[in-house]
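Observations on chain architecture
As a plain string of letters, each chain reads:
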Amino acid sequence: MKASRLVVAVALAASLLPAGCGGGQGIGPGGQESAGDERTIKASDLNPQPREKVKDGGTLRWGINEFPTQWNRTHVDGNLAMAAVISNALLPSPFTSNEKAEISVDTDYVLDAKVTEQRPKQVVTYTLNPKARWSDGKPITWADYQAQWQALNGRDPAFHIVSSTGYQDIEKVARGKDDHEVVVTFRKPFGDWQALFGPLLPAATNRSAEAFNNAWVNRIPVTAGPFKFGGFDQTAKTITIVRDEAWWGERAKLDKIIYRASEQDSLIGAFNNGELDIIDVGTSAPDYARARTTTGAQVRQAAGPDFRHLTFNGSSELLKDRNVRQAIQLGINRQAIAQSDLQGLDWPIALLNNHFFMNTQEGYQDNAGALGAYNPEKAKQMLDAAGWKLNGAVRQKDGKPLDLRFVVPSGVQISKAEGELVQSMLAQIGVKITIRAVPSDDFFTKYVIPGNFDITPFAYIGTPFPVSSSYGIYANAANGQNWNANFGRTGSPAIDEAMSRAAQSLDPVRARAATQAADRLIWQEVNVLPLYQRPQMVAVRQELANIGARGFHDLRYQDIGFTD
């Protein structure tokens, strides 16, 4: 498990929020059935097969849409879905989730984990699997957990972390009765404690900022999973992982997995030509149609807890005024974007009006209010009041035009189409949009993370923990500089306080109420503009087992393989 949402340019099959994504007919808000829509939405679609029906051996060819460089996923540059797709086969995590977002220990790494004290402080005790070892031969012990807490608690800004959520609430991590017992004492309650320590990295990585920031750049120095690192080919843009014969769990069925990075446009062609066995189709109707008609293939589809959105850069000179951000939000017709993105996909079209809960999820409620509506006339009034006056077709203030950079990854047609729609919509209120396509491999590391954009579209993918997985996205930077995973670079103490109340509450009703309070404040701030809950659509060879559109379900990489 992981405590922060992943980011992805297209949107990849992965999980993010808890509960309510079960099957049923036309699931609507709050997990209720929607009358008149008989389409079945699955919680996951993996072609589950027992291990004895999966062949031993074989190579899986997996298409991905970017080639990560930072492989430390707790580093701000490593918080990418593609890095997770690969390293989930290589690294430990104490817990695993099923398709219903029910959490259990992964006994390959942890035999037991539970809250052992609640008063005067919350204490969690982990019993580690003594067989678990890093690929360098060292055992996985309490010291690895302690070092990870020390690196991620946010006290040393030299560690460029994604988020300190949960770790900042820990008072100490200590050795228990032996090296394989970890005792974690919290300073204050943290309800999502199962979101912590996954993926776990070795103590050597976490003991210095130099190692944390740099030791995993273009390297995967150590592993502890059913597969181990095989090699990078920078020219062919491939990453190879191979079965680890030293793995103490059930032996991996596949001999190797070769991940091939390419722009989204070319992945579907490679799949159609038989060069790849699995790709994420995204929300491209032409790609969906082409994948469905590929000989020997099928598209597996699930109600992903992923959501498509636009991020507004509040540190941009043109968007630093919240009233301007609100006006531009009102000038964007989200319904038109959703209909354009999802047409031809045989998927219900519904706007997402919550930053934490998905439409299909228990706890969902519409907190958007007037700010979620399309209201170009109100937008014009607000821009006038903010001093941005029409000068011909484009508004100006102090001689500067209101010309916003809409940055998209090249080769991702859905992003380009969204940019063109926003460009047309905002032209009607006197705002110019300049679409800038950048290389897919650079999209996050050179543009989104450092803030080289005004508006940008992508998808968030997270975990079964609604608040802790989102906390870093909306957390305020007290010094106005260390935004970490908050790419919108806006926040407030009030938002932080509401999210903290939600995270600390062990009462789900109170936690949910605090979450809704935080959500209403985020709508006012205009950091992330949700568009819609995105379906997971994964094209696979039909003989592939235990892989596909997974929803909340964590893949068991050792069980993936081919059937007869």
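On a predicted model such as this, the values are computed, not experimentally measured, just so you know.

Looking only at helices and strands, the protein chain has 14 helices and 22 strands in total. For 564 residues, the compact-globule formula gives about 24 Å, and the C-alpha radius of gyration of the protein chain, at 23 Å, lands near that figure. With the C-alpha coordinates aligned to their principal axes, the bounding extent of the protein chain is approximately 70 × 60 × 50 Å. Counting across all 564 residues of the protein chain, residues that qualify as buried make up 60%. Within the protein chain, contacts between residues separated by at least 24 positions form 72% of all contacts whose residues are at least 6 apart in sequence.

Side-chain pairing between opposite charges can occur once the charged atoms of the two side chains come close. This structure, assessed with the given rule, holds 32 salt bridges. Between Lys 320 and Glu 317 there is a salt bridge, with the nearest N and O atoms lying 2.8 Å from each other. Summarising the burial analysis for this pair, Lys 320 and Glu 317 share the class exposed. With its nearest N and O atoms 3.3 Å apart, the salt bridge here joins Glu 377 to Lys 380. On the criterion of helical spacing, the pair formed by Glu 377 and Lys 380 is a turn pair, its members being three residues apart in helix α9 (residues 376–385). Through salt bridges that share partners, Arg 51, Glu 250, Arg 556 and Asp 559 make up one connected network.

Note that the residue after Arg 119, namely Pro 120, is joined by a cis bond; omega there is 0°. For Pro 120, the position within the fold is in the loop between β5 (110–117) and β6 (123–128). For Lys 237, which is not glycine, the phi torsion reads 60° and is therefore positive. Within the secondary structure, Lys 237 sits in the loop between β9 (227–233) and β10 (238–243).

Here we come to helix α13 (residues 493–504). Given a rise of 1.5 Å per residue, twelve residues ought to cover 16 Å, and the 16 Å separating the end C-alpha atoms of α13 matches this to within 8%. Among the residues of α13, those classed as buried are Ile 495, Asp 496, Ala 498, Met 499, Ser 500, Ala 502 and Ala 503. Contact partners of the buried residues in α13: α12 (471–474) and α14 (508–525).

Pairing between the strands of a sheet is mediated by backbone hydrogen bonds and can be parallel or antiparallel. Across the sheet, four strands lie side by side as β5-β6-β8-β7; this open sheet has antiparallel pairing. Taken across any chain shown, the strands that pair with only one partner, and hence form the sheet edges, are β5 and β7 (170–175). Here the average twist between neighbouring strands, direction ignored, is 15°. In the sheet, β7 pairs with strand β8 (residues 181–186) via five bridges, with the strands oriented antiparallel. Bridged to Lys 172 within β8 is Thr 185. Strand contacts of helix α2 (residues 142–152): β5, β6, β7 and β8, with the helix running at about 160° to β7, the strand carrying the most contacts.

Take the packing of helix α7 (residues 322–330) against α14 next. Packing of α7 against α14 brings their axes to within 8 Å, and their N-to-C directions diverge by 95°. Between α7 and α14, the crossing angle belongs to the class labelled roughly perpendicular. Seen from α7, the contacting residues are Arg 322, Arg 325, Gln 326 and Gln 329; seen from α14, they are Trp 523, Gln 524 and Glu 525. Classifying every residue of the contact of α7 with α14 gives one nonpolar, three polar and three charged.

It is worth spelling out α7 at this point. Burial of α7 is extensive: seven of the nine residues sit out of reach of the surface. Val 324, Arg 325, Gln 326, Ala 327, Ile 328, Gln 329 and Leu 330 are the residues of α7 that are buried. For α7, the side-chain oxygen to backbone nitrogen distance between the N-cap and Asn 323 is 2.8 Å, and the N-cap itself is Asp 321.

Before going further, it helps to examine the sheet that holds strand β15 (residues 394–397). The sheet built from three strands is open, its strands ordered β14-β15-β16 with antiparallel pairing. Edge positions in the sheet fall to β14 (389–391) and β16 (400–401), since each of these pairs with one other strand and no more. Taken together, the two bridges between β15 and β16 define a ladder with antiparallel strand orientation. Its bridge partner being in β16, Gln 396 is matched across the sheet by Pro 401.

Moving on, we get to the packing of aromatic side chains. Scanning the entire structure with this criterion turns up 24 aromatic pairs. Judged by centre distance (6.4 Å) and plane angle (85°), the rings of Tyr 126 and Trp 193 are edge-to-face. Taken together, the residues span a long stretch of sequence, with Tyr 126 in strand β6 and Trp 193 in the loop between β8 and α3 (203–206) at a distance of 67 residues. In terms of burial, Tyr 126 and Trp 193 fall into one category: buried. Consider the rings of Tyr 126 and Phe 197, whose centres lie 6.0 Å apart with planes at 85°: the pair is edge-to-face. Remark: Phe 197 occurs in the loop between β8 and α3 and Tyr 126 occurs in strand β6; sequence separation between them is 71 residues. For the residue pair Tyr 126 and Phe 197, the accessibility class agrees, reading buried in each case. Among the aromatic side chains, those forming a connected cluster through ring pairs are Phe 95, Tyr 126, Tyr 145, Tyr 167, Trp 193 and Phe 197. Taking the ring centre of Phe 271 as reference, the NZ or CZ of Arg 541 above it sits at 4.3 Å.

Rules of the game
Residues numbered from 1 in each chain as written. Predicted model: local features only at pLDDT ≥ 70, side-chain atom pairs only at ≥ 80, totals over all residues. Heavy atoms only, no water. Helix = DSSP H or I, 4+ residues; strand = E, 2+ residues; numbered from the N terminus. Rg over C-alpha atoms; globule rule 2.2 N^0.38 Å. Buried < 20%, exposed > 50% of the residue type's maximum accessible area, 1.4 Å probe, protein only. Contact = heavy atoms within 4.5 Å. Salt bridge = Lys/Arg side-chain N within 4 Å of Asp/Glu carboxyl O. Expected span 1.5 Å × (residues − 1). Pairing = 2+ DSSP bridges. Axes fitted to C-alpha atoms, helices over the stretch in contact; angles between N-to-C directions. Parallel < 35°, antiparallel > 145°, perpendicular 65-115°, else oblique. Nonpolar A, V, L, I, M, F, W, Y, C, P; charged D, E, K, R; others polar. Polar contact = N/O pair within 3.5 Å; in protein donor to acceptor, adjacent residues only side chain to side chain. Phe/Tyr/Trp six-rings, centres within 6.5 Å; stacked < 30°, edge-to-face > 60°. Lys NZ or Arg CZ within 6 Å of the ring centre and 35° of its normal.

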